[in-house]
Amino acid sequence: MNIKSPKIKTHFGFEQIDSDLKSKKVREVFDSVVEGYDLMNDLMSFGAHRLWKRHAINLSGIKKGQSVLDVAGGTGDLSRLFHRRVGKEGTVLMTDINSAMLLEGRDKLIDAGIVSGIDYVQANAEALPFADNSFDCISIAFGLRNVTDKQK
């Protein structure tokens, strides 16, 4: 007897979809909004997301010379703030599953004059290619909402 196991569902906005489709749908959404992403966040949050990000950096306790992993770094807002905190002695590694967002973030940071101290890796938050305890601080911020299996 061949019994098919039921597909595991997950949330995507206000709908339930097959969990194996979520990363594809998330990628499609971010591919379509990459150029206006920062403006969209400002308008939707009335700029409050910028205050939250500064508050998160303050709560992180990160210091000069330390290393930070910014998962789902998007357009680089948190990476830039972490970079200021860790200084030239520290490092920030920004990851994003979406290559368009990662490139937009890299370009935005370079345009802001940050050409060293931040590295970029395209990576899935559910399968990060880094050894445990490699960073002093790990942040995922708003990207957590797009992760299918948060336990991973």
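Procedures and definitions
In every chain, residue numbers begin from 1 and rise along the written sequence. Where totals are concerned, whole chains, interfaces and linings use all residues; where local detail is concerned, this predicted model gives features only for residues with pLDDT of at least 70, and gives and counts side-chain atom pairs only at 80 or more. Hydrogens and water molecules were not included; the side-chain quantities draw on all heavy atoms of the structure. The way it works is that DSSP assigns letters per residue, a run of H or I at least four long becomes a helix, a run of E at least two long becomes a strand, and they are numbered from the N terminus. Helices are assigned an expected span. That span is 1.5 Å times one less than the residue count. For each residue, the accessible area found with a 1.4 Å probe, counting protein chains only, is set against the maximum for its type, and the residue is called buried under 20%, exposed over 50%, and partly exposed in between. As used here, the arc is the angular range of directions from the helix axis to the C-beta atoms. Remark: nonpolar core denotes a set of buried residues (Ala, Val, Leu, Ile, Met, Phe, Trp, Tyr, Cys) joined through side-chain atoms within 4.5 Å. The contact criterion used throughout is that any non-hydrogen atoms of two residues lie within 4.5 Å. For this analysis, a polar contact is any N or O atom pair within 3.5 Å, provided that within protein one partner can donate a hydrogen and the other can accept it, and provided that sequence-adjacent residues contribute only side-chain to side-chain pairs.

> Quick question: what am I supposed to make of helix α3 (residues 48-60) here?
The α-helix winds at 3.6 residues per turn, so residues separated by three or four positions along the chain end up facing the same way. The terminal C-alpha atoms of α3 lie 18 Å apart, and with 13 residues this matches the ideal 18 Å at 1.5 Å per residue to within 8%. Regarding α3, the residues found buried are His49, Lys53 and Ile57. Projected down its long axis, α3 carries its buried residues within an arc of 85 degrees, all on one side. Looking at α3, the residues exposed on the side facing more than 90 degrees away from the buried face are Leu51 and Leu59.

> Whenever I open this one, the nonpolar core confuses me. Can you help?
Across soluble globular proteins, nonpolar side chains have a tendency to be buried as a group. Counting 14 residues, the largest nonpolar core has Ile62, Val68, Phe82, Val92 and Ile118 as its most contacted members. Counting residues per element, the ones that place at least two in this core are α4 (77-86), β4 (91-96) and α5 (99-111). The leading source of residues in this core is α4, at four residues. Not counting residues within four places of it along the chain, the set of residues in contact with Ile118 comprises Ser79, His83, Val92, Met94 and Leu109.

> How should the environment of Ser67 be read in this particular structure?
Here Ser67 shows up in strand β3 (residues 67-70). The spatial distance from the C-alpha of Ser67 to the C-alpha of Val86 is 7.2 Å, given a sequence separation of 19 residues. Those residues in contact with Ser67 that lie beyond four places of it in its chain are Ile62, Thr91, Ser134, Phe135, Asp136 and Cys137.

> So what exactly am I meant to see when it comes to α5 here?
Counted at 1.5 Å a residue, the expected span for α5 with its 13 residues is 18 Å, and the 18 Å between its end C-alpha atoms agrees. For α5, the full list of buried residues reads Met101, Leu102, Gly105 and Leu109. The buried residues of α5 occupy one face: seen down the axis, they fall within an arc of 100 degrees. Where α5 starts, the residue carrying a side-chain oxygen 2.9 Å from the main-chain nitrogen of Ala100 turns out to be Asn98. One or two steps after α5, the chain reaches Gly113, where phi turns positive at roughly 90 degrees.

> What is the right way to read unusual backbone geometry from this model?
Glycine aside, negative phi is the norm for most residues, and most peptide bonds take the trans geometry. One non-glycine residue, Ala72, adopts positive backbone phi at about 55 degrees. Tracing the backbone through its elements, the reader meets Ala72 in the loop between β3 and α4. With a phi close to 60 degrees, Asn133 is a non-glycine residue in the positive phi region. Looking at the secondary structure, you find Asn133 in the loop between β5 (118-122) and β6 (137-139).

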